[in-house]
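Residue strings, one per chain:
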Amino acid sequence: MNDTARYTIGELARRTGLSVKTIRFYSDTGVVPPTDRTAAGYRQYDVTAVSRLELVRTLRELGAGLDEVKRVLARETTLAQLAGAHLGLLEEQMRVLRTRRAVLRAVVKLDRTTEEVRLMQELAKMSDEERNRLIDEFWDEVSSEAGLNVSQEFTEWMRSAKPNLPDDPSTEQLEAWIELAELVQDEDFRETVRGLYREQSARRDAGEAMVEQDEAPKWWAITDEARTSVESGVAPDSAEARALVDRLIALATEQWKKPDTPEFRREMADHYEGHDSRLSRYWELLAVINDWPQHPVTDEATRWLAAALRASAQ
């Protein structure tokens, strides 16, 4: 580009892709003043004005206001400072949009009422402290029944798993939090968890040992393999299923100090048939929110284990 060349507004429009009206506006407001004028009074612009106009167009496309553009051109602020301010604003807007998208997806999926949608929006906007308080209140309420002989260590372990959304959560994580928050506020689910505490109390009164925290991965491994078996079409009465069930029974007999009998295998089958999938869903949702390894216990897997246990008890 010739440093001494001069360009009319029309030529400048063709070079930059901006309209004549827009360039005239920038010229009138002093953002890109003309370099000089012809004898007839027509504005002319040099290469510096062209570069200045291209910078203005870029800043405007990035969302900068006209006053901000003027400050950059006047060197009252730097490009880095302007970019940093707009980046922060954009990230906040994206966070809000992700929250709205998560709520709208849940609305489409669950077909909620207007009031329920309002509550879902409030759940999505909760702070870390508010989320933790909701989970603490849930565990406090379901484990507080008078006279229960329950392990305080077990309760503390259960409630220690908090939903920690990252600063930049994905839509999936936001959706998981909304579902988890609704789950722990569901009275029917709360009653199910209370039932588990009553069952644990009865077992402790009978002198049975409870599953220790470090033993949990062994049980997860069994249900993971059961789910894989279902997906692979393995029959519950096959030799492969029998081998997995034998490992399950070995864990159970060691845990509860009971002999391996057909009656005990049928008792374990009853246990898996009575499994409430929402209990597994609670931990699946926490895993999504906290980006933990997944160990989903599906209805199909528990029914398969129950059938395999009954087949092995013949």
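Details of the structure are given in the entry above.
Residues numbered from 1 in each chain as written. Predicted model: local features only at pLDDT ≥ 70, side-chain atom pairs only at ≥ 80, totals over all residues. Heavy atoms only, no water.

Caption draft 1: Molecular detail of the overall build of the chain. The helix and strand tally for the chain stands at 15 helices and 2 strands. On C-alpha atoms alone, the chain measures out to a radius of gyration of 33 Å, which is more than a quarter above the 20 Å that the 2.2 N^0.38 rule sets for 314 residues. Each principal axis of the C-alpha distribution contributes one length, and for the chain these read about 110 × 45 × 35 Å. Relative to its full complement of 314 residues, the chain shows a buried share of 39%. (Helix = DSSP H or I, 4+ residues; strand = E, 2+ residues; numbered from the N terminus. Rg over C-alpha atoms; globule rule 2.2 N^0.38 Å. Buried < 20%, exposed > 50% of the residue type's maximum accessible area, 1.4 Å probe, protein only.)

Caption draft 2: Here's a closer look at the environment of Pro166. With respect to the helices and strands, Pro166 occurs in the loop between helix H8 (152-160) and helix H9 (171-184). Judged by its relative accessible area of 34%, Pro166 is partly exposed. Distance from Pro166 to Leu251, taken between C-alpha atoms, is 36 Å for residues 85 residues apart in sequence. Residue contacts for Pro166: discarding those within four places in its chain leaves Gln173 and Ile289. (Contact = heavy atoms within 4.5 Å.)

Caption draft 3: Spotlight on unusual backbone geometry. Even without being a glycine, Asp291 presents a positive backbone phi close to 60°. Looking at the element boundaries, Asp291 is found in the loop between helix H14 (277-290) and helix H15 (299-312).

Caption draft 4: Spatial organisation of the pattern of salt bridges. Summed over the entire model, instances satisfying the criterion amount to 28 salt bridges. Where Glu191 meets Arg194, a salt bridge forms, and the shortest distance between an N and an O atom there is 2.7 Å. One end of the pair is Glu191 and the other is Arg194, both in helix H10 (residues 187-205) and 3 residues apart, which spans about a single turn. Residue classification places Glu191 among the partly exposed residues on the basis of a relative accessible area of 35%. Salt bridges sharing partners connect three or more residues here, namely Glu137, Glu141, Glu145, Glu187, Arg190, Glu191, Arg194 and Arg198. (Salt bridge = Lys/Arg side-chain N within 4 Å of Asp/Glu carboxyl O.)

Caption draft 5: Representation of the nonpolar core. Within the largest apolar cluster, 26 residues are counted, with the highest numbers of intra-cluster contacts made by Phe138, Trp139, Trp177, Leu180, Val193 and Tyr282. Taken together, the elements giving at least two residues each to this core come down to helix H7 (128-142), H9, H10 and H14. Looking at this core element by element, the count peaks at 7 residues for H9. Those residues within four positions of Val193 in sequence are excluded, and the remaining contacts are Phe138, Trp139, Val142 and Leu279. (Core = buried A, V, L, I, M, F, W, Y, C linked by side-chain atoms within 4.5 Å.)

Caption draft 6: Structural detail: the packing of aromatic side chains. All told, the structure shown has 7 aromatic pairs when counted by the stated rule. Each ring, one from Phe138 and one from Phe189, has its centre 5.8 Å from the other, and the planes form 10°; the classification is stacked. Taken as a pair, Phe138 in helix H7 and Phe189 in helix H10 lie far apart in primary sequence, 51 residues in all. Comparing Phe138 with Phe189, the two get one shared label, buried. Look at Trp139 and Tyr197: their rings are 6.5 Å apart centre to centre, the planes differ by 70°, and that puts the pair in the edge-to-face class. With Trp139 in helix H7 and Tyr197 in helix H10, this residue pair connects regions lying 58 residues apart in the sequence. In this structure Tyr197 comes out as buried when scored by relative accessible area, which is 2%. Through a chain of ring-to-ring contacts, three or more aromatic side chains come together here, namely Phe138, Trp139, Phe189, Tyr197, Tyr282 and Trp283. Directly above the ring of Trp177 sits Arg131, whose terminal nitrogen or CZ lies 5.9 Å from the centroid. (Phe/Tyr/Trp six-rings, centres within 6.5 Å; stacked < 30°, edge-to-face > 60°. Lys NZ or Arg CZ within 6 Å of the ring centre and 35° of its normal.)

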